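# Understanding the architecture of this molecule
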Amino acid sequence: MSTENLPQSADQQPRKPRVAVVFGGRSSEHGISVVTAGAVLRAIDRTKYDVLPIGITRDGRWALTADDPERMAILDRRQPDVEQLAESSEGVVVLPVDPASREVVYSEPGSVPKALGEVDVVFPVLHGPYGEDGTLQGLLELSGVPYVGSGVLASAVGQDKEYMKRVFTSFGLPVGPYEVIRPREWENDRAAARKKIVDFAGEHGWPLFVKPARAGSSIGITKVDSFEGLDEAIETARAHDPKIIVEALLRGREIECGVLEFADGPRASVPAEIPPVQSHDFYDFEAKYIDSASGLVPAPLTEEQTAEVRRLAVAAFEAASCEGLVRADFFLTEDGFVINEINTMPGFTPISMYPRMWQESGVSYPELVDLLVQAALRRTTGLR
Ligand SMILES: Nc1ncnc2c1ncn2[C@@H]1O[C@H](COP(=O)(O)OP(=O)(O)O)[C@@H](O)[C@H]1O
Ligand SMILES: [Mg+2]
């Protein structure tokens, strides 16, 4: 990287770019985000970057946390929590909404706000709502601070299983059959909403997958075998999101592919296969995060299949206008690949599928972290 655009320190020497690693957050994936941030803090090149860890509590408070990856791991199957890592239970880290300044401030009730120095780039290590869905990205846009990963639109599209499918369809990517039940439909006329789903099942058969439209990590998802289980599944999904999506069962192998933005554009990794997990009904939260990641890298596919899924993964990245990184998840059915979803901030611990796919493609975890920060530093905020 050239140093001419780098910020100057007080003595006018170019200083290292300062990366704020933001983690935790209000979503159900709080704990895993803290674990991931620990890995990022460990891997980031300290000779090249200065680092400022900022934890977001489950209540949404931006807290100042110690730069201490050791305390950010799973202990006795218990996930770490930002509240326990926070320097104080009241202090707030503020990223001023002022594009002219990148100075971060720390304020505690009753004390004079303290300057924490400038931040050149934010690395949001956050999954799900208020982190991966465009809301945080909007704040960073308003503040004028570049950030790792997708912008407002792509993040929102990647979080909403309905609009994601609509975007993919319009770009010619194959998606499975689905039906959406909007909040008002369920609230105003449950019988009509149930009928809509029963008609859908009549066409595509049971079982159905009932999902919150905007969640993640399999949370709130139920595989429903018959009409009897429908209401409970809908309520389970609605506990996470008033909008739900119902999908037909896709029979096939689960194949994933990583996309990473290099200086010359996005490239796809070698694909991986997620084998069906016996002890779990489907690839659920436990299977994904608590048990060791069991995916096969590279996926045992033919050369043609590998080329096809890599092509589709980059096409999905482009269709949603993603930036930085995306993990694209597919089913390999009898009729070929069907895209299930994209994740704009996929699981990112060193044993998660996305880093493993890049490791197998020749990009180590520390290099991956570096490439993502570099991609973010290359661009500005605003329309681009
Ligand atoms: N339509 C479907 N057909 C078959 N399996 C599915 C379907 N939808 C989801 N699954 C299973 O459930 C898992 C989680 O669903 P997914 O849509 O990826 O939600 P999340 O955003 O929570 O990861 C998938 O990885 C897959 O194993
Ligand atoms: Mg998924």
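Reading the values: rules and limits
Residues numbered from 1 in each chain as written. Chains lettered and ligands numbered in written order. Predicted model: local features only at pLDDT ≥ 70, side-chain atom pairs only at ≥ 80, totals over all residues. Heavy atoms only, no water. Helix = DSSP H or I, 4+ residues; strand = E, 2+ residues; numbered from the N terminus. Buried < 20%, exposed > 50% of the residue type's maximum accessible area, 1.4 Å probe, protein only. Lys, Arg positive; Asp, Glu negative; His and termini not counted. Salt bridge = Lys/Arg side-chain N within 4 Å of Asp/Glu carboxyl O. Polar contact = N/O pair within 3.5 Å; in protein donor to acceptor, adjacent residues only side chain to side chain. Contact = heavy atoms within 4.5 Å. UniProt positions renumbered as here; feature names shortened; annotations may be inferred. Pairing = 2+ DSSP bridges. Axes fitted to C-alpha atoms, helices over the stretch in contact; angles between N-to-C directions. 1 Å grid on protein atoms, 1.4 Å probe; cavity = no way out; pocket = protein on both sides within 12 Å on 5 of 7 lines; lining within 4 Å. Points joined across faces, edges and corners; volume = space filled by probe spheres on them. Nonpolar A, V, L, I, M, F, W, Y, C, P; charged D, E, K, R; others polar. Parallel < 35°, antiparallel > 145°, perpendicular 65-115°, else oblique. Core = buried A, V, L, I, M, F, W, Y, C linked by side-chain atoms within 4.5 Å. Domains from an automatic or database assignment. Expected span 1.5 Å × (residues − 1). Disulfide = S-S within 2.5 Å.

Another point: the side chain of aspartate 133. Take aspartate 133: it is sitting in the loop between strand S7 (121–125) and helix H3 (135–143). Of the side chains with opposite charge, arginine 214 lies nearest to the buried aspartate 133, which makes no salt bridge, at 7.9 Å. Here the side chain of aspartate 133 touches tyrosine 130 through a polar contact of 3.0 Å, landing on its backbone nitrogen. A distance of 3.4 Å separates the side chain of aspartate 133 from the backbone nitrogen of glycine 131, its partner in a polar contact. Filtering out sequence-adjacent residues up to four positions away, aspartate 133 remains in contact with Gly128, Ser155, Ala156 and Gln159.

UniProt tags Glu341 and Asn343 as "binding site: Mg(2+) 2" (unreviewed entry). Of the residues examined, glutamate 341 reaches a relative accessible area of 12% and is grouped as buried. Relative to the helices and strands, asparagine 343 is located in strand S16 (residues 336–343). Accessibility expressed as a relative area gives 15% for asparagine 343, which makes it buried.

An order of S8-S11-S9-S10 is seen for the 4 strands of this open sheet, with the pairing classed as antiparallel. The open sheet is flanked by strand S8 (178–181) and strand S10 (222–224), the only strands paired with a single partner. Sheet twist, expressed as the average angle between the axes of neighbouring strands with direction ignored, equals 25°. The pairing of S8 with strand S11 (residues 244–248) spans 4 bridges and is antiparallel. Each residue of the ladder has a partner; that of valine 180, found in S11, is isoleucine 245. Lying over the sheet, helix H7 (residues 190–204) contacts S8, strand S9 (208–212) and S11, oriented at roughly 175° with respect to S8. Of the strands in this sheet, S9, S10 and S11 are in contact with helix H8 (residues 230–238), which crosses S9 at around 25°.

Right, let's talk about empty space enclosed by the protein for a bit. Applying the stated criterion across every chain, the model contains 1 cavity of 30 Å³ or more. Looking at the largest cavity, its volume works out to about 60 Å³. In terms of lining, the largest cavity is formed by Pro124, Leu126, Gly131, Glu132, Gln137, Val148, Gly149, Ser150, Ser155, Thr344 and Met345. Across the lining of the largest cavity, the residue classes tally to 4 nonpolar, 6 polar and 1 charged.

Looking at where isoleucine 274 falls in the secondary structure, it is placed in strand S14 (residues 272–274). Taking relative accessible area as the criterion, isoleucine 274 reaches 4% and is therefore assigned buried. Note: C-alpha distance between isoleucine 274 and serine 101 (173 residues apart in sequence) is 45 Å.

Closest axis-to-axis distance for the helix H1 (residues 30–43)/helix H12 (residues 365–378) pair is 9 Å, and the angle between their directions is 90°. What the angle tells us is that H1 and H12 run roughly perpendicular. On H12, the residues touching Thr36, Ala39, Val40 and Ala43 of H1 are Tyr365, Pro366 and Val369. Of the residues in the contact of H1 with H12, the class split is 6 nonpolar, 1 polar and no charged.

Our next topic: the sheet that holds strand S3 (residues 62–64). If you walk across this open sheet you meet the 4 strands as S3-S2-S1-S7, and the pairing is mixed. The outermost strands of the open sheet, each flanked by one partner alone, are S3 and S7. For this sheet, the mean inter-axis angle between neighbouring strands, taken without regard to orientation, is 30°. In this sheet, S7 lies alongside strand S1 (residues 18–24) in parallel orientation, the contact comprising 5 bridges. Its bridge partner being in S7, valine 19 is matched across the sheet by valine 121. Relative to S1, H1 is tilted by about 155°, and along the sheet it contacts S1, strand S2 (50–56) and S7.

Another point: the nonpolar core. Counting 35 residues, the largest nonpolar core has Val19, Val21, Phe23, Val40, Phe123, Phe348 and Val369 as the members making the most contacts within it. Mapped onto this core, the elements with two or more residues apiece are S1, H1, helix H2 (82–85), S7, strand S12 (253–262), helix H11 (353–360) and H12. Both domain 1 (3–147) and domain 2 (158–175 + 250–377) contribute no fewer than three residues apiece to this core. In this structure, valine 21 is in contact with Ala37, Val40, Leu41, Val51, Leu52, Pro53, Ile54, Phe123 and Val125, ignoring residues within four places of it in sequence. In this structure, Val167, Cys257, Cys322 and Val326 belong to the second largest nonpolar core, which totals 27 residues.

So, about the domain arrangement of the protein chain. Along its sequence, the protein chain is organised into domain 1 (3–147), domain 2 (158–175 + 250–377) and domain 3 (178–248). On a C-alpha basis, the centroid separation for the pair domain 2 and domain 3 is 25 Å.

Taking 1.5 Å of rise per residue, 14 residues should cover 20 Å, and H1 covers 20 Å from first to last C-alpha, within 8% of that figure. Counting buried positions along H1 gives 13 out of 14 residues, so the element sits mostly inside the fold.

Think of a disulfide as a covalent bridge from one cysteine sulfur atom to another cysteine sulfur atom. In this structure the tally under the stated criterion is 0 disulfides. A disulfide-free cysteine, cysteine 257 has its sulfur positioned 13 Å from the sulfur of cysteine 322, the nearest such atom. A residue is classified by how much of its surface remains accessible, and cysteine 257, at 0% relative accessible area, is buried. In this structure cysteine 322 comes out as buried when scored by relative accessible area, which is 7%.

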